[in-house]
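Single-letter residue listing:
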Amino acid sequence: MALSKFVWKDGKIIRLRNAKVNIFSPSVQYGWKGFEGIRFYDTEYGPAVFCLSGHLDRLLDTAESLRMKVRYSVKELTEAVCRLILRNEMRQGYIRPDVLYAKAELGLRFGVKNKDNRRELNKITVAIAVASWDEKPGSDTSLKAKISPFVRIHPDSTIVGAKISGHYVNSIFALWEAEESGYDEAILLDYQGYVAEGSAENLFVVKEGVLLTPPLGTILPGITRGAIMQLAIDNKYEVVEKDVYPEELFDADEVFLCGTAMEILPVTSINGKLIGSGKPGETTKFFTELYKNVVRGRMSKYDHWLTYVKDYT
Ligand code: PMP
């Protein structure tokens, strides 16, 4: 992944090297920053962004949870993303919008208090970068996962459903620990010992043809998770959101992780124990293929999930 030449910052397209931020801003100092990760794909009708409005809605929700007043609407940000893709002349890639408080202010009492004595942040910087995305050949990659000794952040410690930069310290510790122990990915449990999610992916279990997935509450409400749940319902699968015990992973027929970046990937072993046959299962393969076709605009039924860049120019 390489960042492209141009970025969008507060209404203007500028060169990446000119997009600077003060290191003493609370966003840098404390991770008080929201962001998104979005993908766009090369379709028959040119580049198209998958679930752009869902991602931008989540970005604005995250900003609100951080008391940030963003002065752009979803429509304006949609136009910004599309213009930026065109300007960088890219056909497929990754989009990284950020909302941050760029003013240099030390201490935790940053921003201003409004008349209700509530702290708020006004001069919010919105920045959008795009990066190239090289498709990895072969769709049959699978993951060896490890249940992490790092527990997913407690829902009473923060606003856990928001995509806040500071939360990722937790994900990074978990992922690095898993990698350094010889695994590909971490599975984090929540504070009660139930399965939460991967370092940057949601998790599904397949058991006797039923899809089980941890409920909202301790996880990030993933856009991919939501799309898979809809695709499952449309294909007559039963989907159950329920607390998942770690033992249920080992007893599963299949386990898969899903997220914008990795799409859908089978987990074929956890802590060295094989899941199901130890090979990608049929249900996972079905959803992997279906999702690949949907995001690449090959399924007209799901065209409403795509934003075609050409429509915004
Ligand atoms: N959980 C976490 C912690 C994540 O960072 C991500 C990636 N945004 C996901 C789940 C998957 O979310 P999405 O499908 O929206 O990419």
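Residues numbered from 1 in each chain as written. Predicted model: local features only at pLDDT ≥ 70, side-chain atom pairs only at ≥ 80, totals over all residues. Heavy atoms only, no water.

*Asks:* Can you break down unusual backbone geometry residue by residue, with the values?
*Replies:* Residues apart from glycine generally show negative phi values, whereas peptide bonds are mostly found in trans. A positive phi angle, near 65°, is found at Arg 67, a position not held by glycine. Of note, Arg 67 is situated in the loop between helix H2 (52–65) and helix H3 (74–87). Non-glycine residue Glu 208 carries a positive phi angle of around 50°. Within the secondary structure layout, Glu 208 lies in the loop between strand S13 (202–207) and strand S14 (210–213). Assessed through its relative accessible area of 66%, Glu 208 is described here as exposed. (Helix = DSSP H or I, 4+ residues; strand = E, 2+ residues; numbered from the N terminus. Buried < 20%, exposed > 50% of the residue type's maximum accessible area, 1.4 Å probe, protein only.)

*Asks:* Explain the packing of helix H5 (residues 223–234) against helix H7 (residues 282–295) to me, and be specific about the residues and the numbers.
*Replies:* Closest axis-to-axis distance for the H5/H7 pair is 11 Å, and the angle between their directions is 110°. Taken together, the axis directions place H5 and H7 in an arrangement best described as roughly perpendicular. Facing H5, whose interface residues are Thr 224, Ala 227, Ile 228, Leu 231 and Ala 232, H7 presents Phe 287, Leu 290, Tyr 291 and Val 294. Of the residues belonging to the contact of H5 with H7, the class tally is 8 nonpolar, 1 polar and no charged. (Axes fitted to C-alpha atoms, helices over the stretch in contact; angles between N-to-C directions. Parallel < 35°, antiparallel > 145°, perpendicular 65-115°, else oblique. Contact = heavy atoms within 4.5 Å. Nonpolar A, V, L, I, M, F, W, Y, C, P; charged D, E, K, R; others polar.)

*Asks:* Help me get a handle on the environment of Glu 263, residues and values and all.
*Replies:* Residue placement: Glu 263 occurs in strand S17 (residues 263–270). Separated by 24 residues in sequence, Glu 263 and Phe 287 have C-alpha atoms that sit 9.9 Å apart. If near-sequence neighbours (up to four positions away) are discounted, Glu 263 is found in contact with Arg 39, Tyr 41, Thr 224, Leu 257, Cys 258, Tyr 291, Lys 292, Val 295 and Arg 296. For Glu 263, the side chain forms a polar contact with the side chain of Lys 292, separated by 2.9 Å. At a separation of 3.2 Å, a polar atom in the side chain of Glu 263 contacts the side chain of Arg 296. (Polar contact = N/O pair within 3.5 Å; in protein donor to acceptor, adjacent residues only side chain to side chain.)

*Asks:* Could you give me a rundown of the site of the ligand, with the residues and numbers involved?
*Replies:* Lining the immediate surroundings of the ligand are 15 residues, of which Tyr 168, Glu 197, Ile 223, Thr 224 and Thr 260 lie closest. Note that an oxygen atom of the ligand is positioned 2.8 Å from one of the backbone N or O atoms of Ile 223. At a separation of 2.5 Å, an oxygen atom of the ligand approaches a polar side-chain atom of Thr 224. Burial of the ligand by the protein amounts to 96% of the accessible area it has alone, namely 380 Å². Every element with two or more residues in the shell around the ligand is listed here: H2 and H5. Across the shell around the ligand, the residue classes tally to 4 nonpolar, 7 polar and 4 charged. (Near = heavy atom within 4 Å. Areas by Shrake-Rupley, 256 points an atom, 1.4 Å probe, with all protein chains shown as cover.)

*Asks:* Please set out the nonpolar core residue by residue, giving values where relevant.
*Replies:* Ranked by internal contacts, the top residues of the largest apolar core, which has 32 residues, are Trp 8, Val 49, Met 68, Ile 85 and Ile 95. Breaking this core down by element, the ones donating at least two residues are strand S1 (6–9), strand S4 (38–43), H2, H3, strand S6 (93–101) and strand S9 (124–132). Here this core gets 6 residues from one element, more than from any other, and that element is H3. Here Met 68 is in contact with Ser 27, Trp 32, Lys 33, Ala 63, Val 99, Leu 100, Tyr 101, Leu 121 and Ile 124, once residues within four sequence places are set aside. Within the second largest apolar cluster, 25 residues are counted, among which are Met 229, Leu 231, Tyr 291 and Leu 306. (Core = buried A, V, L, I, M, F, W, Y, C linked by side-chain atoms within 4.5 Å.)

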